[in-house]
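# Fold and geometry: a report
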Amino acid sequence: WTCLYIPWASFTVNAFDDESEMVFAVGTFMGVVVAAGNAIVAFSVVGISNHMGFTHESQKRLFQLLVIIPCVVINVLCDFGVTVRTAYWKYNSHLPADLHLQMNFGL
């Protein structure tokens, strides 16, 4: 999911500056995309678990929580990664070309 909106995040950084009137709408749209990603994960797990044949409802709910929570946590960490990457490339234009920084700390 994150790989789908990394190009969009890169596009928005290059296409809109901070003074643009569209920057609020674009930022809001990205927030909706991130929330939709988390909702898709949850709905997918619930839909799959409904067809798995659990004998007790409590076991099904436990399975759902044990799958949804780590998946959403991973998705949120990826969202933070995209946000940090976007801010890094936008506000520190001289740092991406610093070979010493890349070799010691990575990107």
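Residues numbered from 1 in each chain as written. Predicted model: local features only at pLDDT ≥ 70, side-chain atom pairs only at ≥ 80, totals over all residues. Heavy atoms only, no water.

## A closer look at the overall build of the protein
Selection rule: A helix here means a DSSP run of H or I that spans at least four residues, while a strand means a run of E at least two residues long, and both kinds are numbered starting from the N terminus. Any residue under 20% of the maximum accessible area for its type is buried, any over 50% is exposed, and the rest in between are partly exposed; the area is computed with a 1.4 Å probe on protein chains only. Reported accessibility uses the Shrake-Rupley method at a 1.4 Å probe radius. Residues are deemed covered only where the shown protein chains occlude them.
Helix and strand counts for the protein stand at four helices and zero strands. When the elements of the protein are put in sequence order from the N terminus, they spell out α-α-α-α. When the 107 residues of the protein are sorted by exposure, 21% land in the buried category. For the protein, the exposed area adds up to about 7700 Å²; of that, 72% sits on carbon and sulfur atoms.

## Comments concerning the environment of Val 67
Tracing the backbone shows Val 67 in helix α3 (residues 57-91). A relative accessible area of 24% places Val 67 in the partly exposed class. Considered as a pair, Val 67 and Ala 42 are 25 residues apart in the sequence and their alpha carbons are 8.8 Å apart.

## A short note on the pattern of salt bridges
Defined as follows: Salt bridges are counted wherever a side-chain nitrogen of Lys or Arg sits within 4 Å of a carboxyl oxygen of Asp or Glu.
The full count for this structure, using the stated rule, is two salt bridges. One salt bridge connects Glu 57 with Lys 60, and the closest N-O pair in it is separated by 3.4 Å. Here Lys 60 and Glu 57 lie together in helix α3, a separation of three residues that amounts to about one turn. On the basis of relative accessible area, Glu 57 is assigned to the partly exposed category, the value being 44%. Ionic pairing is found between Arg 61 and Glu 57, a salt bridge with its closest N-O pair at 3.1 Å. Here the residue Arg 61 and the residue Glu 57 both occupy positions in helix α3, the gap between them amounting to four residues, near one helical turn. Relative accessible area serves as the criterion here: at 43%, Arg 61 is assigned to the partly exposed category.

## Observations concerning helix α2 (residues 23-49)
To keep it simple, the criterion reads: Helix span, as expected, comes to 1.5 Å for every residue beyond the first.
The end-to-end C-alpha distance of α2, which contains 27 residues, comes to 39 Å, matching closely the 39 Å that a straight helix rising 1.5 Å per residue would cover. Along α2, the positions that sit buried rather than exposed are Val 26, Met 30, Val 33, Gly 37, Asn 38, Val 45 and Ser 49.

## Digging into the side chain of Ser 49
To keep it simple, the criterion reads: Two N or O atoms count as a polar contact when they lie within 3.5 Å, although within protein this holds only if one can serve as hydrogen donor and the other as acceptor, and sequence-adjacent residues are included solely when both atoms are side-chain atoms.
Tracing the backbone through its elements, the reader meets Ser 49 in helix α2. Within the structure, the side chain of Ser 49 is placed 2.6 Å from the side chain of Gln 64, a separation counted as a polar contact.

## Overview of a nonpolar patch on the surface
Where we set the bar: Like-charged residues within 9 Å of one another, or nonpolar side chains (Val, Leu, Ile, Met, Phe, Trp, Tyr) within 5 Å, are grouped into patches, provided each residue has over 30% relative accessible area and no salt bridge.
A grouping of Leu 65, Ile 69, Val 73, Leu 77 and Phe 80 is seen on the molecular surface, where their side chains present a nonpolar patch of about 510 Å² in accessible area. Here Leu 77 is to be found in helix α3. The class of Leu 77 is exposed, set by a relative accessible area of 55%.

## Here we look at the environment of Ala 9
Put simply, the test is: Residue contacts are defined here by distance: any two heavy atoms, one from each residue, within 4.5 Å place the two residues in contact.
Within the secondary structure, Ala 9 is located in helix α1 (residues 2-15). In this structure, the C-alpha to C-alpha distance between Ala 9 and Val 82, residues 73 residues apart in sequence, is 7.7 Å. When neighbours within four sequence positions are excluded, Ala 9 is seen to be in contact with Val 82 and Thr 86.

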